[in-house]
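# Survey of secondary and tertiary structure
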Amino acid sequence: MKVLQFTIPVAHDQSIIVQEDVLPHFYPYLHRHYEAQLMWILEGEGTLLAGTNMHAFKAGDVFLLGANQPHLFKSSPEYFQADKPLQVHSLMVFFDPHDKLYPIFNMPEIQPLYTFIQQYAGGFKIPLAYAEQTRERMLDIRGSKNTDQIIHFLQLLQTLYGLKDLVPLSAASLDKVSESEGVRISNIYNYAMQHFDKVITLEQIAAEANMTPEAFCRYFKKHTGNTFITFINQLRVNEACKKLTSGKIEGIATVAYSCGFNSITNFNRIFKAVSGCSPRQYLDNYHGALK
């Protein structure tokens, strides 16, 4: 087993599994499963960690995660506060393209869909323009059984197959990580996600992994492809993007300090290095897309 191998409760008489969850927060550990997963966020917001890349998520978003792709939907910090009665709500469709469904995918007429799923083993986010159509297909699957469910599932795949200019959620892989190492990396990620708004020293994060700082640096780089500084900067910028567009916090400076940056100059520099634009340009682009 690798990372945290998670077993989906599969009914023996079903090839497609539909699961709907209403919980205080999402499953908080980096994990993987043999099935590909289509995930519709009905309620909740936070950070999706796919492989070694991070993406903000909010209500209405739909993601496809590849089979065996390590991932973690990390709810925002307020979902873990007892005085805030928040919840998350999701609808998921699981399917294993290499097991029960393989005879269908192996049909000449269906093989292009299988090739498409393989091509995007790193997953992708459904573009906003196609999200509603994808959500309707998912509801069709949930409301059907037997042959009808297979038909609706193939219609869903045909919808996804027609999408253009998709960007994989993750190019890097954690395939070579053992189960015990996966637990360690998951603990590192969780600690960083819970404390990103504060100063995290190398000594502190190394202690979480039961390593010396020097050994930790080598370990993290080897297994994630990033330095820890790069990872924490990406995490902070990702959180800053969510807060900038939430309308809940006034001012770029307030966002910067609330995400763990110690100066506006440092925030602007790192934000541009990670996102490719300044915080102000990011906001202008966001508001322009809404018009």
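Now for a look at the structure at hand. (Residues numbered from 1 in each chain as written. Predicted model: local features only at pLDDT ≥ 70, side-chain atom pairs only at ≥ 80, totals over all residues. Heavy atoms only, no water.)

Here the focus is the nonpolar core. Most often, soluble globular proteins keep nonpolar side chains buried together rather than apart. In terms of nonpolar packing, the biggest core is built from 27 residues, with L38, F95, F105, F124, F153, L157 and L160 touching the most fellow members. Put simply, the parts of the chain that give this core at least two residues each are strand 2 (36–43), strand 5 (62–65), strand 7 (88–95), helix 2 (111–119), helix 3 (128–142) and helix 4 (146–161). Look past the residues within four positions of L157 in its chain and what remains in contact with it is F95, F105, L113 and I117. Within the second largest apolar cluster, 23 residues are counted, among which are L72, I205, I232 and L235. (Core = buried A, V, L, I, M, F, W, Y, C linked by side-chain atoms within 4.5 Å. Buried < 20%, exposed > 50% of the residue type's maximum accessible area, 1.4 Å probe, protein only. Helix = DSSP H or I, 4+ residues; strand = E, 2+ residues; numbered from the N terminus. Contact = heavy atoms within 4.5 Å.)

Moving on to the pairing of strand 2. Among the 8 residues in strand 2, 6 count as buried, and that is most of the element. Two strands pair when backbone bridges link them, and strand 2 and strand 7 are joined in this way by 7 bridges, in the antiparallel orientation. Directly across from W40, in strand 7, lies its bridge partner L91. By the bridge criterion, 4 bridges tie strand 2 to strand 5 in an arrangement that is antiparallel. (Pairing = 2+ DSSP bridges.)

Turning to the layout of surface pockets, a few remarks are in order. Its boundaries defined by the atoms lining it, the second largest pocket holds a volume of some 350 Å³. Surrounding the second largest pocket, 17 residues form its lining, I200, I229, I232, N233 and R236 being those nearest its centre. Those elements that provide at least two residues to the lining of the second largest pocket are helix 7 (213–224), helix 8 (228–246) and helix 10 (264–275). Tallied by class, residues from the lining of the second largest pocket come to 10 nonpolar, 6 polar and 1 charged. (1 Å grid on protein atoms, 1.4 Å probe; cavity = no way out; pocket = protein on both sides within 12 Å on 5 of 7 lines; lining within 4 Å. Points joined across faces, edges and corners; volume = space filled by probe spheres on them. Nonpolar A, V, L, I, M, F, W, Y, C, P; charged D, E, K, R; others polar.)

This paragraph deals with empty space enclosed by the protein. Across all of its chains, the model carries 1 cavity of 30 Å³ or more by this definition. Estimated volume of the largest cavity: approximately 50 Å³. Along its surface, the largest cavity is lined by G46, T47, K74, S75, S76, P77, M193, F196, E239 and K242. At the level of secondary structure, the elements contributing two or more residues to the lining of the largest cavity comprise strand 3 (46–50), strand 6 (71–75) and helix 8. Classifying every residue of the lining of the largest cavity gives 3 nonpolar, 4 polar and 3 charged.

Take the side chain of N238 next. Structurally, N238 is set in helix 8. The class of N238 is buried, set by a relative accessible area of 11%. At a separation of 3.2 Å, a polar atom in the side chain of N238 contacts the main-chain amide nitrogen of A56. Among all residues touching N238, those that are not within four sequence positions of it are T47, M54, H55 and A56. (Polar contact = N/O pair within 3.5 Å; in protein donor to acceptor, adjacent residues only side chain to side chain.)

A separate point is the sheet that holds strand 8 (residues 124–125). Where strands meet in a sheet, backbone hydrogen bonds hold them as pairs that are either parallel or antiparallel. Pairing within the open sheet is antiparallel, and its 5 strands lie in the order 1-7-2-5-8. The outermost strands of the open sheet, each flanked by one partner alone, are strand 1 (16–23) and strand 8. As paired elements, strand 1 and strand 7 share 8 bridges and run antiparallel to each other. Directly across from D21, in strand 7, lies its bridge partner S90. In the packing of helix 4 onto the sheet, the strands contacted are strand 1, strand 2 and strand 7, and the crossing angle to strand 1 comes to about 80°. (Axes fitted to C-alpha atoms, helices over the stretch in contact; angles between N-to-C directions.)

Quick look at unusual backbone geometry now. Positive phi values are uncommon outside glycine, yet N146 reaches one of about 55°. Within the secondary structure, N146 is located in helix 4. On the basis of relative accessibility, which here comes to 66%, the residue N146 falls in the exposed class. Phi at N210 takes a positive value of approximately 55°, unusual for a residue other than glycine. Relative to the helices and strands, N210 is located in the loop between helix 6 (202–208) and helix 7. Relative accessible area serves as the criterion here: at 68%, N210 is assigned to the exposed category.

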